[in-house]
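Structural description and commentary
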Amino acid sequence: MDAEATIVSTALILPLFGALGVVALGRWPNLRDSWTIAIGLATFGSVARLVGPVMEGARPALVQPDWMPGLGLGFEVEPLGLLFGLVASGLWVLTSLYGFGYMRGHGEKNQTRFFACFALAIAAALGIAFSGDLITLFLFYELLTFSTYPLVTHAGTEQAVRAGRLYLGILVSTSVLFLLFAVLWTSVIAETLHFTPGGILEGQIEGKQAGLLLMFFAYGIGKAALMPFHRWLPAAMVAPTPVSALLHAVAVVKAGVFSVLKIAIYIFGIDFLASGGFSNVLMIVAAITILAASIHALSLDNLKARLAYSTISQLSYIVLGAALATSASMMGAGLHILMHALGKITLFFVAGAIYVVAHKTEVSQLDGLGRRMPFTFGAFCVASFSIIGLPPLGGAWSKWFLIQGAFDAGEPWMVVVFMASSLLSIGYLMPIVARGFFRPLPDGEEEGLDEAPLLMLLPLCTTALACFVIFFYANDVYRLLAPIVGLDGGS
Amino acid sequence: MNDFSVHLPILQVVIPLLAAPFCFILRKEAVVSVFTVLVGFACFAISMDLLAQVIDGDVLVYELGDWARPWGIEYRIDILNALLLVVVSSMAAVVFIAGPGQARRAIPEGRGYLFYSAALLTLTGLLGVTITGDVFNVFVFLEISSLSSYILIALGRSRRALMAAFSYLIMGTIGATFLLIGIGLMYQMTGTLNMVDMTERLRDAEQTRTIFVALAFVVVGISVKLAVFPLHQWLPNAYSFSPPLVSAFLASTATKVAYYLLIRFCLGLFGLTLVFEVVEIDVLLLPLSVMAMFVGSIAAIYQRDFKRLLAYSSIAQVGYMTLGLSLASEAGVAAGLIHVFNHALMKGALFLVAACVTWRMGGTRLDAMKGLGRRMPVTMAAMVVGGLALVGVPGTVGFVSKWALVSAALEKDAYLLGFLVMASSLLALVYVWKLVEIVYFQEPETGIERREPPLRLLVPTWILAGASIYFGVFSDFAVDVASRAAAQIFAAGM
Amino acid sequence: MMQLVAHWNYFAVIILMMVGLYIAISRGNLVKKVMGMNIFQTSVILLYVSMGKVSGGTAPILIEGRDDIIYSNPVPHVLMLTAIVVGVASTALGLALVVRIRESYGTVEEDEIVALDRAEDEREFSGEAG
């Protein structure tokens, strides 16, 4: 095993090890929480150490051939997976910090189980990120579903159990009915499941069948929340906010769109996708999801639900980017995984902070709160601008490439979709900021500073700052992703 | 030493056979229980050795009393037999460990030794059916195992166990007699009872109506034992009213051996051409398998008792196995055999969980299981593992089975069939999740004191649950052996 | 026609078989069920024995120095010895179970037993609700 492969296995095993440690240290909360942070940092560190080699073109691989004959469990780190791995493991550290503040401030029960499942979910997300073939991806995809189930139903109330049923019902049914079926189908026609640059399906399948297979994949990955299989995401919002923040804005949903993107690039191949015209159906479905979810978000008063629908809409940007199948759109989709993650996690952090400090959950209750919690609302404002796509924030880059990709593909209507959706996102995000800063406080509430606990404030300011900083470092991310989408490095 | 190892095939059957009356003589439960575990593991060791001897394709022949065929009975071991021997004896060994802790609770006082005698006789019968190369001997061993399993079922605490055993006795005897009729007709056509001779002569014989009728009788007779839909009515009662340990033992061995018989007779004796091209039993077997998958799973969703739920789920799982056979391809049969191995592990684990629940709660009614997740977390974790395996979550044995089965279906371009298999496994998710919600999210009615069953019960449960994961991750063993067995029997069936 | 008559032994077997099967399935009385099962098994014994008959053959007892004698096939008879033992065992076990059922239910009629079971079910689950 060479040095890089060792790092890969370390990165994969650390979170699992972390979960065990959390269980073992459950009796001593401080020790347990420090352990989580240490493991988080170590995991992020080992993922980050892969950046250099991968930038230079290495593809560290780790193969465990003992799983079903012909179907070894294989990992291979390529740029897109590395990016997702960095996002998931990096934000895990911040979310853990935030989570301690939230869970303690809120006096939640079963914190040990909570943080153990959290670590397990991160392990699964890294497994997806580094998977070298479809079957490994599927394995970790399912592990992610089941490890997050206890987090969704954490409250144990009737409502949480029902939400859990919906969560599991949609995610497992789609994955088994469509995704597994698509995987098997692929294995029969292509006789390999390995993610190969340029794709493995070209020449094996065409026309309507290829379109059907693509739809099986897209709908099979229920975590990408394409309509009409999006209902699990709003339902999952009953979970504690750190879960919504990391998992349902970053790890789980990004695992979904990441899988779609990875399948588009490495199974279908950009050229094959672009040639057939069979991705039109997926394009239309994604466009509808973008618009419908944005419009629905406008009508929602519950803050977390509004953010959830915003997430559904933003996820379909990435799916649409994949379906457009041009180098620029793929680049945009890849960048958007990072940019949206930074923005949306900030928004959820803020929602949680508001809940812990002011016990408010509805948008209409937020009048004047921005003056009591200026840092929190300031972060919200920055993140909102990034989601909308205004420079100098990270979101501007991904949107730029996506729109350019739509032009390249000769789909002017899709340009209109992106534009319209940006306008809509102004419509559902800006009123929150406006209310917070400009409306008077309701009667009986005192003016004066009442910020969130430091453990919560620090992470949310960090991520908001990151939205800003990444605008200037987007070139590095571009250079990382350029080879796989067929663009020249550096710009 | 060399002499001794030559006799392993007969020892495989004779050891449990002799041990059974020995238990009867010993009587003292403490002694008997240790003794039985030793016997179980001896059988397991022998079966592993036999498997190792035949895995490369050699066929091991043992002539009883040195009488060569056609005069004597011979034991004939190829990969298929050996695989089943391993499944049966390993499950028996593991279940026997659980004996002592369990027997006192679910089996009336002072009858423990009867349990062991009858269980060893059942084991003898099942091993005998699997190992023998003589068709009449199959019938005799089948009846040995059946008669003793009726006794085992009747040992259940509630009086309904008696009725369940009685119905099974009537059904089972009719099934076995059907098999006997079929064997008689086959004998009439070929003049031999030895499987090898019979195979040769059946290939050459004219395809007369007698052979067709023989095939029909044999298939129906075995189907009763296998609980192929709609001949499954005996199974839910038999599994839910018998002592849980007995359910664990029978569910993971008896139907598996019946499946072996179906393969042996269809592919080995009658041959592929006759069964699937002339008579075309797949026309009937395939829809019945699919119906079993759905009807069994849907019925399981509505059950109010844990063991009954598992029993209905078994009917659905048998559907997967027969589906594999009715695909009439090597991959299909291999998938069926993989599922035999895997299903034995997961159902064994789940029925042992039922045994733990019985130990704690005195029964397995679902409303008595509320909140057990906090009261016996280790046991319930095993239940979750077994349940996930039933659903077919990747990383568990269930996934390996499903993958093999659906690949086999797609290989034959049966896309709809593959899709149906997936859909039916979602029904398994429904009933497994119903269990999970009851166990983890409903408030217990009486206290939340935490108490796990004794280790003797917990250890075998987790051996099987752990194996469900281990063989799900490292599935080489099962897949490899099953594929070799399928290839061998297919070569013979041509 | 003549061919059918010549096979009269098989007709006897089939009639017995059907009679037995019918009784085992349709009767509600458990003892009768056991008897039906027994008749069914017996018909198979006849099937085997008539199968072993070689026309003009005699009992298969080897006589030294005579190779002109036709013997009946002894194998089916031997097989049936075993089958008889199996039949006796299953009948005995069946009857033993019937005795135990009678002890605990007070009846051997299937419909009454089913009714008793159902009543017990209802008590359990309604007791749960109340």
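Remember, predicted model here, so these are calculated numbers, not experimental data.

Enumeration over the complete set of coordinates arrives at 13 salt bridges over all chains. A salt bridge links Arg 484 of chain B to Asp 56 of chain B, with the nearest nitrogen and oxygen atoms 3.5 Å apart. In this pair, Arg 484 of chain B is assigned in helix H21 (residues 476–493) and Asp 56 of chain B in the loop between helix H3 (29–54) and strand E1 (60–63), connecting sequence segments 428 residues apart. Take Arg 484 of chain B: its relative accessible area is 32%, and that puts it in the partly exposed class. Arg 159 of chain B is paired through a salt bridge with Glu 120 of chain C; the nearest N and O atoms lie 3.5 Å apart. In this pair, Arg 159 of chain B sits in the loop between helix H6 (135–154) and helix H7 (160–190) while Glu 120 of chain C sits in helix H5 (residues 110–129), so the two residues belong to two different chains. What emerges from the salt-bridge pattern is a single network uniting Arg 159 and Arg 160 of chain B together with Asp 117, Glu 120 and Asp 121 of chain C.

In this section: helix H10 (residues 241–268) of chain A. Residues and elements named next belong to chain A. The axis of H10 is deflected most strongly, by about 45°, at Leu 247. Most of H10 is tucked away, with 28 of its 28 residues classed as buried. Positive phi shows up at Gly 269, right after H10, with a value of about 90°.

Turning next to the packing of aromatic side chains. Note on aromatic pairs: each is described by the distance of the centres and the angle between the planes. As enumerated under the stated definition, the model contains 48 aromatic pairs over all chains in all. Centroid distance Phe 471 of chain A to Phe 472 of chain A: 5.2 Å. Interplanar angle 85°. Geometry classified as edge-to-face. Of the residues examined, Phe 471 of chain A reaches a relative accessible area of 17% and is grouped as buried. Cluster of aromatic residues (ring-pair linked, three or more members): Phe 178, Phe 181, Trp 185, Phe 216, Tyr 219 and Phe 229 of chain A together with Tyr 415 and Phe 419 of chain B. Above the ring of Tyr 141 of chain A, the side-chain terminus of Lys 223 of chain A is found at 3.5 Å from the ring centroid. A cation over an aromatic ring shows up here: Arg 159 of chain B above the ring of Tyr 105 of chain C, its NZ or CZ 4.2 Å from the ring centre.

Our focus in this paragraph is a nonpolar patch on the surface. A cluster of nonpolar side chains, contributed by Leu 465, Phe 468, Val 469, Phe 472 and Tyr 473 of chain A, occupies part of the molecular surface with about 510 Å² of accessible area. Among the residues examined, Val 469 of chain A registers a relative accessible area of 37% and is labelled partly exposed.

Turning to the domain arrangement of chain A, a few remarks are in order. All names here are of chain A. We note that the domain assignment places domain 1 (1–257) and domain 2 (279–491) within chain A. Measuring from the centre of the C-alpha atoms in domain 1 to the corresponding centre in domain 2 gives 22 Å. Domain 1 puts 45 residues into the contact, and the matching count from domain 2 is 42 residues. Between domain 1 and domain 2 the total buried area reaches about 3,700 Å² when both faces are included, carbon and sulfur atoms providing 84% of it. Considering only the side of domain 1, the residues that lose the most area to domain 2 are Leu 83, Tyr 98 and Met 227, jointly responsible for 17% of the buried surface there.

Counting 436 residues, the largest nonpolar core has Phe 130 and Phe 268 of chain A together with Phe 265, Phe 270, Phe 306 and Leu 337 of chain B as its most contacted members. Apart from the residues lying within four places of it in its own chain, the contact partners of Leu 337 of chain B are Leu 80, Leu 83, Leu 84, Tyr 259, Ile 263, Ala 482, Ala 485 and Ala 486 of chain B.

Moving on: the environment of Ser 240 of chain B. Residue and element names in this part refer to chain B. Considering the arrangement of structural elements, one finds Ser 240 in helix H10 (residues 234–241). Judged by relative accessible area, which is 9%, Ser 240 ranks as buried. Sequence separation of Ser 240 and Ile 153 is 87 residues, and the distance between their C-alpha atoms is 9.4 Å. Sequence-distant contacts of Ser 240, defined by excluding residues within four places in its chain, comprise Lys 307 and Arg 308.

Each partner contributes residues to the interface: chain B has 28 residues there, and chain A has 31 residues. Summing both sides of the interface, chain B and chain A together bury roughly 2,700 Å²; the carbon and sulfur share of this comes to 80%. Counting the contacts that link chain B with chain A gives one salt bridge. Here Glu 437 of chain B ties to Arg 165 of chain A by a salt bridge, and the two come within 2.7 Å at their closest N and O atoms.

Before going further, it helps to spend a moment on the interface of chain C and chain B. Accessible area lost upon the coming together of the parts serves often as the stated size of an interface. The interface of chain C with chain B comprises 41 residues on the first partner and 33 residues on the second. Each partner contributes to the roughly 3,400 Å² buried at the junction of chain C and chain B, and carbon and sulfur atoms together form 72% of this total. Scanning the region where chain C abuts chain B turns up four salt bridges. Counting across the interface, chain C meets chain B through nine residue pairs in polar contact (both at pLDDT 80 or more). Contributing elements (two or more residues each) for the side of chain C that touches chain B: helix H2 (8–26), helix H3 (30–52), helix H4 (75–105) and H5 of chain C. Here the side of chain C that touches chain B gets 17 residues from one element, more than from any other, and that element is H4 of chain C. Residue composition of the side of chain C that touches chain B, by class: 27 nonpolar, six polar and eight charged.

Residue and element names in this part refer to chain B. Contact geometry for helix H15 (residues 330–361) and helix H20 (residues 455–473): axes closest at 8 Å, N-to-C directions at 150°. Overall, the two elements H15 and H20 adopt an arrangement that is roughly antiparallel. You can see that H15 and H20 cross each other, and the crossing is left-handed. Each of Phe 341, Leu 345, Met 346, Gly 348, Ala 349, Leu 352, Val 353, Ala 355, Cys 356 and Trp 359 in H15 lies in contact with H20, whose residues at this interface are Leu 457, Pro 460, Thr 461, Leu 464, Ala 465, Ala 467, Ser 468 and Phe 471. Class assignment for the residues of the contact of H15 with H20 results in 15 nonpolar, three polar and no charged.

Moving on: helix H18 (residues 397–411) of chain B. Residue and element names in this part refer to chain B. When the terminal C-alpha atoms of H18 are compared, their 21 Å separation across 15 residues agrees well with the 21 Å that a helix rising 1.5 Å per residue should span. For H18, a buried count of 14 out of 15 residues is recorded, marking the element as mostly surrounded by other parts of the structure. One or two steps after H18, the chain reaches Asp 413, where phi turns positive at roughly 65°.

Turning next to the environment of Asp 58 of chain B. Residue and element names in this part refer to chain B. By the element assignment, Asp 58 lies in the loop between H3 and E1. Taking the C-alpha atoms as reference points, Asp 58 and Gly 40, separated by 18 residues in sequence, lie 26 Å from one another. Not counting the four nearest positions on each side in its chain, Asp 58 is found in contact with Gln 53 and Ile 77.

Parameters and conventions
- Residues numbered from 1 in each chain as written.
- Chains lettered and ligands numbered in written order.
- Predicted model: local features only at pLDDT ≥ 70, side-chain atom pairs only at ≥ 80, totals over all residues.
- Heavy atoms only, no water.
- Salt bridge = Lys/Arg side-chain N within 4 Å of Asp/Glu carboxyl O.
- Helix = DSSP H or I, 4+ residues; strand = E, 2+ residues; numbered from the N terminus.
- Buried < 20%, exposed > 50% of the residue type's maximum accessible area, 1.4 Å probe, protein only.
- Bend = angle between axes of the 7 residues up to and from the residue.
- Phe/Tyr/Trp six-rings, centres within 6.5 Å; stacked < 30°, edge-to-face > 60°.
- Lys NZ or Arg CZ within 6 Å of the ring centre and 35° of its normal.
- Patch = residues over 30% accessible without salt bridge, like charges linked within 9 Å, V, L, I, M, F, W, Y side chains within 5 Å.
- Areas by Shrake-Rupley, 256 points an atom, 1.4 Å probe, with all protein chains shown as cover.
- Domains from an automatic or database assignment.
- Contact = heavy atoms within 4.5 Å.
- Buried area = accessible area lost by both parts, 1.4 Å probe.
- Core = buried A, V, L, I, M, F, W, Y, C linked by side-chain atoms within 4.5 Å.
- Polar contact = N/O pair within 3.5 Å; in protein donor to acceptor, adjacent residues only side chain to side chain.
- Nonpolar A, V, L, I, M, F, W, Y, C, P; charged D, E, K, R; others polar.
- Axes fitted to C-alpha atoms, helices over the stretch in contact; angles between N-to-C directions.
- Parallel < 35°, antiparallel > 145°, perpendicular 65-115°, else oblique.
- Left-handed = near helix turned anticlockwise from the far one by under 90°.
- Expected span 1.5 Å × (residues − 1).

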